[in-house]
Amino acid sequence: MTDYFSVDIPVFMPDYDKEKLYGWSRYKDNLWDILKDTTSGYCMYCYDTVWINGQRRGQIEHGIEKVNSPEYLTDCVPNLGLACENCNGKYKRRAEEKRKLSKELLREFESVSCKKYACRIPCERYIKLRIEYVRRGKIILQPFESKAHENGNILKLRYDLLNGKYIPGDCGCSYSREELGIIEGHIRLFGLNSAERRNREVGKYCKNVIDYHSLMQDMSYDNLVVDLFRDKLKDLPIDDAVKVCKIIYSRALLQRAT
Ligand SMILES: [Zn+2]
Ligand SMILES: [Zn+2]
């Protein structure tokens, strides 16, 4: 049975064009375009729109901050993601110092040379480094999947529409205590469930569905969660979809009041 009261946040997997080069110090526009297509124009960390009125509001950001290894991480393409100014400039900065990787850890990674602008898939050494970073920083890096161990589960998030908050997602089995700690740490780091970042778009969308008795297919909203939710509702007769929205909207009103 489909659960209409939660949505799974996807892992962002860019499908790079083999004919093109990408990077941070060069070819940034190419990268911007492909990452924007990958997320449909949303921030990889808070899922708010970074594409407003045909304007770029997002930034290319380094998953593992480039200060760890400027020469190797600055233009390693799979290390580059798309984030809004808040996520990149404010939230992700927090505890950046604590995540910093040691010289010993970096040595092995730096002994291979990254293809830089033509680097397309996370290489084995980068993955190792990334696992360390994810564990240390309790952060789910984007794009591509993040894990706490080589054979660990993919760390995923889910949005609970009834309670209006992000919770650990579905990995197909159950997360270990350590994995849950990372997911919860990630939610805290980005303030995803904080009052200031509360997702207001879902409530707005539900009210529109109720008022217009329509899934509002031609409208765009400022958060990916609405798109994911709308996709689920498509399977329902419109009367049932409206019922689901009424339940979520009344809960959202309650939460706003408290
Ligand atoms: Zn963001
Ligand atoms: Zn690389």
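This section reports on the structure supplied with the text.

Conventions we followed
- Residues numbered from 1 in each chain as written.
- Chains lettered and ligands numbered in written order.
- Predicted model: local features only at pLDDT ≥ 70, side-chain atom pairs only at ≥ 80, totals over all residues.
- Heavy atoms only, no water.
- Helix = DSSP H or I, 4+ residues; strand = E, 2+ residues; numbered from the N terminus.
- Contact = heavy atoms within 4.5 Å.
- Donors = N, O, S within 2.8 Å, 3.2 Å for Na, K, Ca; no water.
- Tetrahedral: all angles 85-135°; square planar, octahedral: opposite > 155°, others 65-115°.
- Buried < 20%, exposed > 50% of the residue type's maximum accessible area, 1.4 Å probe, protein only.
- Core = buried A, V, L, I, M, F, W, Y, C linked by side-chain atoms within 4.5 Å.
- Domains from an automatic or database assignment.
- Axes fitted to C-alpha atoms, helices over the stretch in contact; angles between N-to-C directions.
- Left-handed = near helix turned anticlockwise from the far one by under 90°.
- Nonpolar A, V, L, I, M, F, W, Y, C, P; charged D, E, K, R; others polar.

1. Considering the side chain of Glu 65
Checked against the element boundaries, Glu 65 lands in the loop between β4 (58-62) and α2 (70-73). In this view, Glu 65 contacts Leu 73, Lys 92, Glu 96, Arg 99 and Tyr 133; residues no more than four positions away in its chain are not counted.

2. With respect to the coordination of the zinc ion (ligand 1)
Taken together, the protein donors to the zinc ion (ligand 1) comprise Cys 43 (SG), Cys 46 (SG), Cys 84 (SG) and Cys 87 (SG), at separations of 2.3 to 2.4 Å. For the zinc ion (ligand 1), the four donor atoms are set out with angles of 103 to 119° between them, so the coordination reads as tetrahedral. Each donor residue of the zinc ion (ligand 1) belongs to the same chain, and together they define the spacing C-x2-C-x37-C-x2-C. Residue Cys 43 is classed as buried on the basis of its relative accessible area of 0%. Cys 46 sits in the buried class, given a relative accessible area of 5%.

3. Quick look at the coordination of the zinc ion (ligand 2)
Taken together, the protein ligands of the zinc ion (ligand 2) are Cys 76 (SG), Cys 114 (SG) and Cys 119 (SG), with distances of 2.3 to 2.4 Å. Counting the intervening residues between successive donors of the zinc ion (ligand 2) yields the motif C-x37-C-x4-C. Of this pair, Cys 76 sits in the loop between α2 and β5 (80-84) while Cys 114 sits in the loop between α5 (103-110) and α6 (124-137), and the two are 38 residues apart along the sequence. Since its relative accessible area comes to 2%, Cys 76 is described here as buried.

4. Examining the nonpolar core
Counting residues in hydrophobic clusters, the biggest one holds 72 residues, and the most contacted among them are Leu 31, Tyr 205, Phe 229 and Leu 233. It is helix α10 (residues 238-257) that contributes the most residues to this core, six residues altogether. Taken domain by domain, the makeup of this core includes at least three residues from each of domain 1 (6-194) and domain 2 (199-257). Once residues lying within four places of it in the same chain are set aside, the contact partners of Tyr 205 are Leu 215, Met 216, Tyr 221, Val 226, Phe 229, Arg 230 and Leu 233.

5. Thoughts on the packing of helix α8 (residues 201-212) against helix α9 (residues 224-233)
Running from N to C, α8 and α9 cross one another at 40°; their axes reach a closest spacing of 9 Å. Note that α8 runs across α9; the crossing there is right-handed. Together, Glu 201, Val 202, Tyr 205 and Cys 206 of α8 and Val 225, Val 226, Phe 229, Arg 230 and Leu 233 of α9 make up the contact between the two elements. Here the residues of the contact of α8 with α9 are counted per class, giving seven nonpolar, no polar and two charged.

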